[in-house]
Amino acid sequence: PFHWYQKMQRENPIFFDPNFTLNWGQQGAWQIFRHQDVQKILGNYEVFSSESMPKIEQSPISNGIVNTDPPRHKLLRKIISKAFIPSVVSKLEPWIREQCQERLSVVLEKGEMEFIQDFAIPIPVSVITKLLGVPVKDFNQVHRWANELIFDPDEMETGAESFFRTQQEQSMYFEALIKEKEQHLQDDLLSHLIQAEVDGERLSLADLISFCIVLLAAGNETTTNLLGNMVLTFTEQPELQTHLLEHPQDIPLAIDETLRYRSPVQSLFRLATKDFELDGHQIKKGDYVIAWLGAANHDPQVFPNPEVFDIHRNNRSQVSFGHGIHYCIGEPLAKLEAKIALEVLFQKVKQIQVKPDVEIERHPSAIMFGLKSLPIIFQRH
Ligand code: HEM
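This write-up is about the structure you can find in this document. (Residues numbered from 1 in each chain as written. Predicted model: local features only at pLDDT ≥ 70, side-chain atom pairs only at ≥ 80, totals over all residues. Heavy atoms only, no water.)

Pairing in this open sheet of 5 strands is mixed, and the strands run E1-E2-E8-E5-E3 from one edge to the other. The two strands at the open ends of the sheet, each matched to only one other strand, are strand E1 (14-21) and strand E3 (48-49). Across 5 bridges, the pairing between E1 and strand E2 (residues 27-32) is antiparallel. Within E2, the position partnered with Ile14 by the bridge is Ile32. Lying on the sheet, helix H2 (residues 35-42) is in contact with E1, E2, E3, strand E5 (267-272) and strand E8 (288-292); it crosses E8 at an angle near 130°. (Pairing = 2+ DSSP bridges. Helix = DSSP H or I, 4+ residues; strand = E, 2+ residues; numbered from the N terminus. Contact = heavy atoms within 4.5 Å. Axes fitted to C-alpha atoms, helices over the stretch in contact; angles between N-to-C directions.)

This is the structure:
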């Protein structure tokens with residue numbers, strides 16, 4: 001999409017597209033492409049609301065933290081930040097390393113793997129199940145849900161149906177799990193969330209359930225995409241693989257640059273709750289607005305030569321994890337997973353290439369940038 005972004009930034013950086021269709025069938029939305037405008041939209045929750053999805057009873061996500069405005073958002077965020085503390089996340093490091101090593105050891109002999117199914121999907125799923133404190137026996141169930149939550153716009157009809165059915169199943173599952181945990185609190189995120197209190201308030205059962213489902217939706221596909229996009233980029237740039245083998249301390253820079261270059265989340269949407277003038281354009285109350293993170297991360301005003309992948313560029317202004325009050329809570333976890341995955345990969349293998357004669361297929365989503373499959377071959381050290 002990068003050429004399209006650049007063309008839009010040059011010719012039509014802010015415009016209303018009457019044909020743009022949102023997931024639930026809503027038609028028409030403003031398209032915002034420049035970095036400065038994307039930040040203006042996401043930074044102004046008083047005008048650009050996150051309560052933009054219709055509140056759907058079958059969809060606990062539609063009432064979760066991502067889709068609420070202050071004051072409810074502020075309370076949810078405070079409670080969740082209290083439970084999502086760095087020590088809970090960093091404690092997982094040795095366990096994540098073990099998981100990555102195990103996944104790789106199974107395919108090491110063969111010298112090839114389908115990186116998305118064999119690695120990029122199961123690692124984030126197992127991390128979230130472990131983090132939440134889901135019993136190991138239920139891992140496959142959660143894995144299946146995570147796959148089902150990946151929304152395929154080509155299957156709009158059946159897609160929406162299975163999207164809601166999955167959320168219903170998850171609701172029932174997490175309700176039972178939460179009730180069980182309330183009796184036997186442990187040292188996991190869900191137990192911390194159950195106990196967390198802010199200003200005398202605790203999360204209700206409905207909020208706890210919706211948070212579990214939000215985590216599966218927000219933390220899995222995004223991280224899968226990051227892992228897949230990183231390895232795809234390495235296959236395109238063998239010299240970068242050599243560099244990282246010799247300088248593993250630069251792995252975090254490569255992760256940051258992948259996040260900018262192929263942002264896992266390409267767009268966010270908001271609903272205007274007041275009229276607003278943006279650089280001479282009249283956005284009306286009730287209009288939907290699409291903020292293109294992927295375009296903002298390729299804005300030449302902020303990232304010179306944006307189409308060049310350069311791990312040494314200044315990446316401080318990128319908006320891959322959003323901007324403003326909804327800024328991603330899971331950033332440290334996602335970056336930790338990516339760092340460990342790459343360290344393990346580069347310790348064991350080299351010369352990662354796309355398997356000859358296969359076509360790399362992107363997931364057909366305007367919201368996410370990720371691959372459907374990525375068959376790779378490699379050499380052992
Ligand atoms: C919010 C991206 C991984 C949990 C967000 C938002 C973005 C984002 C763009 C802002 C949404 C908005 O403003 O509407 C990403 C990317 C990830 C990633 C690119 C991986 C590379 C994770 C992980 C978790 C997580 C691993 C948790 C385990 C959340 C939550 C929110 C959020 C709970 C909502 C915060 C709020 O509404 O206040 N993420 N995310 N994310 N993310 Fe992530």
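With that out of the way, let us pick up the pattern of salt bridges. What the rule picks out here adds up to 22 salt bridges. Across the pair Asp199 and Lys78 runs a salt bridge whose closest N-O atoms are separated by 4.0 Å. In this pair, Asp199 sits in the loop between helix H10 (189-195) and helix H11 (205-236) while Lys78 sits in helix H3 (residues 72-83), placing the two residues 121 residues apart along the sequence. Among the salt bridges present, the one from Glu109 reaches Arg380, with a minimum N-O distance of 2.7 Å. With Glu109 in the loop between helix H5 (93-108) and strand E4 (112-114) and Arg380 in strand E12 (residues 375-380), this pair connects stretches of sequence that are 271 residues apart. A residue is classified by how much of its surface remains accessible, and Arg380, at 43% relative accessible area, is partly exposed. (Salt bridge = Lys/Arg side-chain N within 4 Å of Asp/Glu carboxyl O. Buried < 20%, exposed > 50% of the residue type's maximum accessible area, 1.4 Å probe, protein only.)

Attention now moves to the site of the ligand. In the neighbourhood of the ligand, 27 residues make up the surrounding shell, with His73, Arg77, Arg270, His326 and Cys328 lying closest. In the model, an oxygen atom of the ligand is placed 2.7 Å from a nitrogen or oxygen of the Arg270 side chain. Sorting the residues of the shell around the ligand by element identifies H3, H11, E5 and helix H15 (331-348) as the ones contributing at least two each. Looking at the shell around the ligand residue by residue, the class counts come to 17 nonpolar, 8 polar and 2 charged. (Near = heavy atom within 4 Å. Polar contact = N/O pair within 3.5 Å; in protein donor to acceptor, adjacent residues only side chain to side chain. Nonpolar A, V, L, I, M, F, W, Y, C, P; charged D, E, K, R; others polar.)

A word on unusual backbone geometry. Backbone geometry follows two general trends: most residues other than glycine have a negative phi, and most peptide bonds adopt the trans configuration. A cis amide bond links Pro70 to the next residue, Pro71, at an omega of 5°. Phi is positive for Asp357, close to 65°, though the residue is something other than glycine. Residue class for Asp357 comes out exposed when judged on its relative accessible area of 82%.

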